[in-house]
Amino acid sequence: MDSSEYPEQDEFSGVKKAKAPVYGVGDSTLRAAGGEQGVKQLVDAFYHYMDTLPVAAKVRAMHSPDLTESKAKLTTFLIGWMGGPSRYAEMYGSINIPGAHRHLDIGLAEKDAWLLCMQKALDDQPYEETFKRYVMVQLSFPAEMCRNRK
Ligand code: HEM
């Protein structure tokens, strides 16, 4: 990580932020995730937890038995979402995340199970704690938008 990723101290708040890495600018998020290969590993771990955690069984059952396509789609989507090449539309067509989940029965329990799989997958990666929190906070918004009942 080079020094350009560390912003200067905030001159207005006086809060020392010099050690806080910046994510969400250009492809900084993708680089922090280990590049495209890192995202692939993250998604493999995510679906491993979805496949094995009892609390995620209901969400797992919403997917087809073979997870190959789901893994490929989520990996491609996240690479673009993290500031990398946006290949999702050309490969699978345009996507609107809440719209793509409207046919699914997603309540708080399903949303929490999805996010738990992501948290556990992130914890398996050699990522900074700040980065893991950033990803979880950022994903919690679309996850909430996918929820269509209590
Ligand atoms: C809130 C909890 C979520 C649940 C329970 C959930 C569940 C699912 C399921 C079951 C599928 C497969 C749908 C099908 O085959 O018909 C799917 C597809 C997908 N999900 Fe989610 N998802 C959630 C949140 C998210 C979030 C937060 C993102 C990304 C920001 C995401 C990205 C995707 C993508 C890109 C696909 C492939 C869409 C397609 O082409 O059909 N999902 N999701």
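To be clear, the structure that these remarks concern was listed above.
Not measured: the values here are computed from a predicted model.

### Digging into the overall build of the protein chain
Part 1: The helix and strand inventory of the protein chain stands at eight helices and zero strands.
Part 2: Within the span of the protein chain, comprising 150 residues, buried residues form 19% of the whole.
Part 3: Here the contacts in the protein chain between residues at least 6 apart in sequence split such that 62% fall between residues at least 24 apart.

### Some points on helix α7 (residues 108-123)
Part 1: Between the first and last C-alpha of α7 there are 22 Å, a value that for 16 residues agrees with the 22 Å anticipated at 1.5 Å per step.
Part 2: Those residues of α7 not exposed but buried are E110, A113, W114, C117, M118, A121 and L122.
Part 3: At its buried positions, α7 is contacted by α2 (35-52), α3 (57-62) and α8 (129-146).

### Structural notes on the nonpolar core
Part 1: Within the largest apolar cluster, 25 residues are counted, with the highest numbers of intra-cluster contacts made by V39, L42, F46, M50, C117 and A121.
Part 2: Elements with a minimum of two residues in this core: α1 (28-32), α2, α4 (68-81), α7 and α8.
Part 3: Not counting the four nearest positions on each side in its chain, A121 is found in contact with L42, A45, F46 and Y49.

### Re the site of the ligand
Part 1: Surveying the vicinity of the ligand reveals 21 residues, the closest of which are M62, F77, W114, A143 and C146.
Part 2: Residues of the shell around the ligand, tallied by class, amount to 15 nonpolar, three polar and three charged.

### With respect to α2
Helical geometry note: an α-helix holds 3.6 residues per turn, so side chains three or four residues apart project in the same direction.
Part 1: For α2, with 18 residues, the first-to-last C-alpha span of 26 Å sits near the 26 Å given by 1.5 Å per residue.
Part 2: Residues of α2 that are buried make contact with α3, α4 and α7.

### Topic: the environment of G24
Part 1: Relative to the helices and strands, G24 resides in the segment before α1.
Part 2: The exposure class assigned to G24 is exposed, which follows from the 10 C-beta atoms found within 10 Å.
Part 3: Taking the C-alpha atoms as reference points, G24 and W81, 57 residues apart in sequence, are found 9.2 Å from one another.

### Section: the packing of α2 against α7
Part 1: It is the contact of α2 with α7, at a shortest axis distance of 8 Å, that shows an interaxial angle of 130 degrees. Taken together, α2 and α7 sit at an angle that is classed as oblique. Like other packed secondary-structure pairs, α2 and α7 cross with a definite hand, here right-handed. Residue-level inspection shows L42, A45, F46, Y49 and M50 of α2 in contact with α7, the latter providing C117, M118, K120, A121 and L122.
Part 2: Grouping the amino acids of the contact of α2 with α7 by side-chain chemistry returns nine nonpolar, no polar and one charged.

Rules used in this analysis
- Residues numbered from 1 in each chain as written.
- Predicted model: local features only at pLDDT ≥ 70, side-chain atom pairs only at ≥ 80, totals over all residues.
- Helix = DSSP H or I, 4+ residues; strand = E, 2+ residues; numbered from the N terminus.
- Buried ≥ 20, exposed ≤ 12 C-beta atoms within 10 Å, placed from the backbone.
- Contact = placed C-beta atoms within 7 Å.
- Expected span 1.5 Å × (residues − 1).
- Core = buried A, V, L, I, M, F, W, Y, C linked by C-beta atoms within 7 Å.
- Near = placed C-beta within 6 Å.
- Nonpolar A, V, L, I, M, F, W, Y, C, P; charged D, E, K, R; others polar.
- Axes fitted to C-alpha atoms, helices over the stretch in contact; angles between N-to-C directions.
- Parallel < 35°, antiparallel > 145°, perpendicular 65-115°, else oblique.
- Left-handed = near helix turned anticlockwise from the far one by under 90°.

That's the geometry; what it means functionally is another story.
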